[in-house]
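Fold and geometry: a report
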Amino acid sequence: MVEKKIPKATARRLPLYYRYLRFLHEAGKNRVSSAKLSEAVKVDSATIRRDFSYFGALGKRGYGYDVEALMNFFSKTLNQDRLTNVALIGVGNLGQALLNYNFRRNNNTRISAGFDINEKLIGTIHQGVPIYHIDEMVEQLDLQQIDVAILTVPSEIAQEMANKLVEGGVKGIMNFTPIRVNVPDSVRVHNVDLTNELQTLIYFINYYQELDDEEEVIIDEETGEIFVED
């Protein structure tokens, strides 16, 4: 059990490390250096070493990291050794795409229940996932012991659905709506705004093109703030 408080930026990178370690393990690789890992995941070596240091001595100087041992460690850290059922709230276009995907490359995560108000969808099974009426959501969340939900509903009902998820005992919400929903401190929300992400990407492209070659851009890992040094 890790006693140290892990920075949020580090926590966000752990799945990235784990996925690449799985790739190496499946390719039959036994060890990897921080330099090779850095090149693959596009995170500098110093940051990787600092991230790993929060968990104790994971590698050996002059040897690098044992791929299988490190993969198993992060598997346990990320709860990859147990199945996590996820609820999908809203089975529209984006919801259907997520159902089709259904985290097929992750053996430990799956959408196990969908919820909507469309009578044509209710009572059907899509990609092996049963679709229930929204009114059944609180009951089903409890029955299926679902702690995590994906929210893909219209903006005007996002807060109402978030309230129902809280009532159903959900501990985490991945929110694809542009609304920032209000939940108790005990519930964690990750906001995924695809439009905002695209606009940010376009901004960065234009911003970097306008910088002089002599200027250095520094991005704060924790806050995302941008600093420019001459």
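The protein appears in an unreviewed UniProt entry as Redox-sensing transcriptional repressor Rex from Marinilactibacillus piezotolerans. In UniProt, the protein has this text filed under Subunit (unreviewed entry): "Homodimer." Listed in UniProt under the heading Sequence similarities (unreviewed entry), the comment for the protein reads: "Belongs to the transcriptional regulatory Rex family."

The UniProt record annotates "DNA-binding region" (unreviewed entry) at residues 16-55. Across residues 16-55 one finds 70% helix and 5% strand; the C-alpha atoms that close the span lie 16 Å apart.

We now examine the pattern of salt bridges. Scanning the model with the defined rule gives two salt bridges in all. Between arginine 13 and aspartate 51 there is a salt bridge, with the nearest N and O atoms lying 2.7 Å from each other. Residue arginine 13 is found in helix α1 (residues 8-26), and its partner aspartate 51 is found in helix α3 (residues 45-53); the two are separated by 38 residues along the sequence. Arginine 13 sits in the buried class, given a relative accessible area of 13%. With relative accessibility at 0%, the residue aspartate 51 sits in the buried group. With a closest N to O distance of 3.5 Å, glutamate 26 and arginine 22 form a salt bridge. Placement of both glutamate 26 and arginine 22 in helix α1 is noted, with a separation of four residues, approximately one turn of the helix.

Once that is clear, we can look at the sheet that holds strand β8 (residues 172-175). Strand order in the open sheet formed by seven strands is β5-β6-β4-β3-β7-β8-β9, with mixed pairing between adjacent strands. Lying at the two open borders of the sheet, with one neighbouring strand each, are β5 (125-126) and β9 (188-191). Sheet topology places strand β7 (residues 148-151) next to β8; four bridges connect them, and they run parallel. Its bridge partner being in β8, valine 148 is matched across the sheet by glycine 172. Lying over the sheet, helix α7 (residues 158-167) contacts β3 (84-89), β7 and β8, oriented at roughly 170 degrees with respect to β7.

In this section: α1. Across its 19 residues, α1 extends 28 Å between first and last C-alpha, which sits within 8% of the 27 Å expected from 1.5 Å per residue. By the largest-angle criterion, leucine 14 marks the main kink of α1, which is about 25 degrees, and a proline, proline 15, follows within four residues. For α1, the complete set of buried residues consists of Ala9, Thr10, Arg13, Leu14, Tyr17, Tyr18, Leu21 and Leu24. For α1, the secondary structure elements touched by its buried residues are β1 (31-32), α2 (34-41), α3 and α4 (67-77).

Bringing unusual backbone geometry into the picture now. Phi angles above zero are rare outside glycine, and glutamine 127 is one such case at about 50 degrees. Relative to the assigned elements, glutamine 127 resides in the loop between β5 and β6 (129-133). Backbone geometry at glutamine 145 places phi at a positive 55 degrees, although glycine is not the residue there. Judged by its relative accessible area of 66%, glutamine 145 falls in the exposed class.

Moving on, we come to the environment of arginine 110. Among the structural elements, arginine 110 can be located in strand β4 (residues 109-116). The class for arginine 110 is partly exposed, based on a relative accessible area of 41%. With 25 residues separating them in the primary sequence, arginine 110 and asparagine 85 have C-alpha atoms 5.4 Å apart. Once you skip the residues sitting within four places of it in the chain, arginine 110 turns out to touch Leu83, Thr84, Asn85, Val86 and Asn102.

Nonpolar side chains in soluble globular proteins tend to be buried together. Formed by 20 residues in total, the largest nonpolar core has its most connected members in Ile89, Phe115, Leu151 and Leu165. For this core, the secondary structure elements donating two or more residues are β3, β4, α6 (137-143), β7 and α7. Element by element, the count of residues in this core is highest for α7, at four residues. With residues up to four places along the chain from it excluded, the contact list for phenylalanine 115 reads Ala87, Leu88, Ile89, Gly90, Val91, Tyr132, His133, Ile134, Glu136, Met137 and Gln140.

Moving on, we come to the side chain of aspartate 193. As for its position among the elements, aspartate 193 is in the loop between β9 and α8 (194-210). Comment: no salt bridge for buried aspartate 193; closest opposite-charge side chain is arginine 180, at 4.7 Å. Only 3.0 Å separates the side chain of aspartate 193 from the backbone nitrogen of asparagine 196, close enough to count as a polar contact. The residues contacting aspartate 193, other than those within four sequence positions of it, are Pro178 and Arg180.

The rules behind each value
Residues numbered from 1 in each chain as written. Predicted model: local features only at pLDDT ≥ 70, side-chain atom pairs only at ≥ 80, totals over all residues. Heavy atoms only, no water. UniProt positions renumbered as here; feature names shortened; annotations may be inferred. Helix = DSSP H or I, 4+ residues; strand = E, 2+ residues; numbered from the N terminus. Salt bridge = Lys/Arg side-chain N within 4 Å of Asp/Glu carboxyl O. Buried < 20%, exposed > 50% of the residue type's maximum accessible area, 1.4 Å probe, protein only. Pairing = 2+ DSSP bridges. Contact = heavy atoms within 4.5 Å. Axes fitted to C-alpha atoms, helices over the stretch in contact; angles between N-to-C directions. Expected span 1.5 Å × (residues − 1). Bend = angle between axes of the 7 residues up to and from the residue. Core = buried A, V, L, I, M, F, W, Y, C linked by side-chain atoms within 4.5 Å. Lys, Arg positive; Asp, Glu negative; His and termini not counted. Polar contact = N/O pair within 3.5 Å; in protein donor to acceptor, adjacent residues only side chain to side chain.

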